[in-house]
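This is what each chain is made of:
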Amino acid sequence: MQWQGVMPAMTTAFDAQWNVDFPFLTRHARWLRENGCTGIVCLGSLGESATLTFEEKIEVVKTVVAAVSPGIPVVAAVSALSTGEAVAIAQAAHGAGAEGLMILPPYVYQGDWRETRAHMAAILRATPLPAMLYNNPVAYGTDFLPQQIAELAGEFATLAAVKESSTDVRRVTAIRALLGDRLAVLVGVDDAIVEGIEAGAVGWIAGLVNALPRESVALFELASGRRMEEAFRVYRWFLPLLRMDTVPKFVQLIKQVQEEAGVGSARVRPPRMPLVDQELAEVRAQWRAAQSSRPQEAGRSTRFGEG
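Residues numbered from 1 in each chain as written. Predicted model: local features only at pLDDT ≥ 70, side-chain atom pairs only at ≥ 80, totals over all residues. Heavy atoms only, no water.

**Q** I keep staring at the nonpolar core and nothing clicks. Help me out?
**A** In globular proteins that are soluble, nonpolar side chains generally tend to be buried together. Core analysis: the largest hydrophobic core is formed by 114 residues, its most contacted members being L101, I193, L219 and L241. In terms of residue count, the dominant contributor to this core is helix α10 (residues 228-242) (eight residues). (Core = buried A, V, L, I, M, F, W, Y, C linked by side-chain atoms within 4.5 Å. Buried < 20%, exposed > 50% of the residue type's maximum accessible area, 1.4 Å probe, protein only. Helix = DSSP H or I, 4+ residues; strand = E, 2+ residues; numbered from the N terminus.)

**Q** What's the story with the pairing of strand β4 (residues 100-103) in this structure? I'm lost.
**A** Along a regular strand, successive side chains alternate from one face of the sheet to the other. Residues G100 and M102 line one face of β4 and the alternating positions L101 and I103 line the opposite face, and both faces are buried. By the bridge criterion, four bridges tie strand β3 (residues 74-78) to β4 in an arrangement that is parallel. Bridged to A76 within β4 is L101. For the crossover that starts at β3, traverses helix α3 (residues 83-95) and ends in the parallel β4, the hand is right-handed. Sheet topology places β4 next to strand β5 (residues 131-135); three bridges connect them, and they run parallel. Bridge pairing in β5 links I103 to L133. Assessed by its sense of winding, the connection that carries the chain from β4 through helix α4 (residues 113-126) to β5 is right-handed. (Pairing = 2+ DSSP bridges. Right-handed = clockwise from strand over helix to strand, strands pointing away.)

**Q** Which parts of the structure should I look at to understand the packing of helix α6 (residues 146-155) against helix α7 (residues 170-179)?
**A** Describing two packed helices takes the angle between their axes plus the distance from one axis to the other. Following both chains from N to C, one finds α6 and α7 inclined at 40 degrees, their axes separated by 9 Å at the closest point. Considering their axes alone, α6 and α7 lie oblique with respect to each other. The hand of the α6/α7 crossing is right-handed. Contact residues: α6 offers P146, Q147, I149, A150 and A153, while α7 offers R171, A174, I175, L178 and L179. (Axes fitted to C-alpha atoms, helices over the stretch in contact; angles between N-to-C directions. Parallel < 35°, antiparallel > 145°, perpendicular 65-115°, else oblique. Left-handed = near helix turned anticlockwise from the far one by under 90°. Contact = heavy atoms within 4.5 Å.)

**Q** How should the pattern of salt bridges be read in this particular structure?
**A** Pairs may arise between side chains of opposite charge once their charged atoms sit close together. All chains considered together, the criterion is met by 15 salt bridges. In this structure, D168 and R170 form a salt bridge, with 2.9 Å as the shortest nitrogen-oxygen distance. Shared partners join several salt bridges into a network, and the residues in it are R117, R125, E151 and E155. (Salt bridge = Lys/Arg side-chain N within 4 Å of Asp/Glu carboxyl O.)

**Q** Sorry if this is basic, but what is going on with the sheet that holds β5 here?
**A** Sheets are built from strands that pair by backbone hydrogen bonding, the pairs being arranged parallel or antiparallel. Pairing is parallel across the open sheet formed by eight strands, whose spatial order is β1-β8-β7-β6-β5-β4-β3-β2. A strand with exactly one partner marks an edge of an open sheet, and here the two such strands are β1 (5-8) and β2 (40-42). Strand-to-strand, the axes of this sheet are offset by a mean angle of 25 degrees, without reference to chain direction. The pairing of strand β6 (residues 159-164) with strand β7 (residues 184-187) spans four bridges and is parallel. Counterpart to K163 in the pairing with β7 is L186. Across the face of the sheet, α4 comes into contact with β3, β4, β5 and β6 while running at roughly 170 degrees to β4.

**Q** Is there a simple way to think about unusual backbone geometry in this case?
**A** It is generally the case that most residues other than glycine have a negative phi and that most peptide bonds are trans. In the segment running from S69 into P70, the intervening peptide bond is cis, with an omega of 5 degrees. The omega angle of the peptide bond from P270 to P271 is 20 degrees, so this bond is cis rather than trans. Residues other than glycine seldom take positive phi values, yet E48 does so here, at roughly 55 degrees. Checked against the element boundaries, E48 lands in the loop between β2 and α2 (54-68).

**Q** Help me out: how do you make sense of the packing of helix α11 (residues 250-260) against helix α12 (residues 277-292) in this one?
**A** Packing of α11 against α12 brings their axes to within 10 Å, and their N-to-C directions diverge by 55 degrees. Considering the angle they form, α11 stands oblique to α12. By crossing handedness, the relation of α11 to α12 is classed as right-handed. Between α11 and α12, the contacting residues are L253, Q256, V257 and E260 on the first element and L280, V283, R284 and W287 on the second. Here the contact of α11 with α12 is built from residues that sort into five nonpolar, one polar and two charged. (Nonpolar A, V, L, I, M, F, W, Y, C, P; charged D, E, K, R; others polar.)

**Q** Is there a simple way to explain α11 in this structure?
**A** An α-helical segment advances 3.6 residues per turn. Residues three or four places apart therefore align on the same side. In terms of burial, α11 is a largely internal element, nine of the 11 residues being buried. What α11 keeps buried is the set F250, V251, Q252, L253, I254, K255, Q256, V257 and Q258. Where α11 is buried, its residues meet α1 (22-34), α10 and α12. Positive phi shows up at G262, right after α11, with a value of about 75 degrees.

**Q** How should I be thinking about the environment of P295 in this particular structure?
**A** Inspection of the secondary structure assignment puts P295 in the segment after α12. Overall, P295 belongs to the buried group, its relative accessible area being 13%. The spatial distance from the C-alpha of P295 to the C-alpha of V234 is 6.3 Å, given a sequence separation of 61 residues. Excluding anything up to four places from it in sequence, P295 contacts R233, V234 and W237.

Geometry only, nothing functional implied.
This is the structure in C-alpha cells:
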C-alpha cells in the first residue's frame, strides 16, 4: 500500500431507481486508473456512504477491487454511528479485498478524546490493513490535533497516513514536525493541494478528479516536481472547479461536473437532490469557461471508456 499520488474519493453512481450502478462503477474505476490515478478511495463522503446499506458498501468495495486490482490499491472508508458497526465494516472491507482503510470519527456523536481514541483504536485493531486517519473538523466536528495523531501513531503501527482536511495547511507542517516521515500526509481538500505539497504532503485524496483525472494528475506532478510556474498556471485555471469540493453541496456539484464532462450522471441519492436553476446554471457556466481556457500543461483526460 503506497499512500501517495492522486487517489480519487470516488463517487457512487446510481441508476434511475437510485440503485447502485455497479457496471458504471467498474468502467469509472478503470478509467481513473488509466488516466494516472495511484489508488481509489471508495465509501467516503463524496461516495454518499451515509446513504448506502452495509451490503451495498461491501459490494462497492468488491466491484472496485475487481475493476482495478492488482494494478492500483483500493481503500475503503470506514464511517458509522457506532463503533461496533465501524469495526464490522472494516473487517468486511478487508474480506472484500480492500488494501487499506480510511477511518472517520463517529458520525453524529462528537466525543471527547478518550472516547474518540477508543473508537479509532477499535477499528485499527480490527484488521491488519494499513489505515489512513481522516481529519475533517469542518464537516464532522471532531478535530484530530497533531499531538493526538502522534499518540495514535505511536501505539498502532498500522496507522500509516493522514488525510488532512482541516483547510489549514499549517497542519501538514505540524504533523511532519512531530512525526517526520512516520506518517504520509495527504491533502483532502481540492483547493489547497499546491500549498499542501509545498508544506510536505505526498498525496491528494481528490474530488474533481472523478471528472478530470488527467488534469488532476498533471497538477499534482507539476507541484510535486516544483515546476511552480507551470503548476500555478494549471492551478489558477482549475481553482473555480476545485472550490466546489469545499462547500455543503460538494457531492451534487462534483457529480454535475461529471455529467457535463460525459463521465456519469448527476443523480444523487435522497435526501440530496440534483442542482436546479441558478446553481445548475453556474456550474455549467464554470464548466464552459474551463473548457475554453484550458492551459496546455493541464493535459486532457481520455474520453470516458477509452484507454
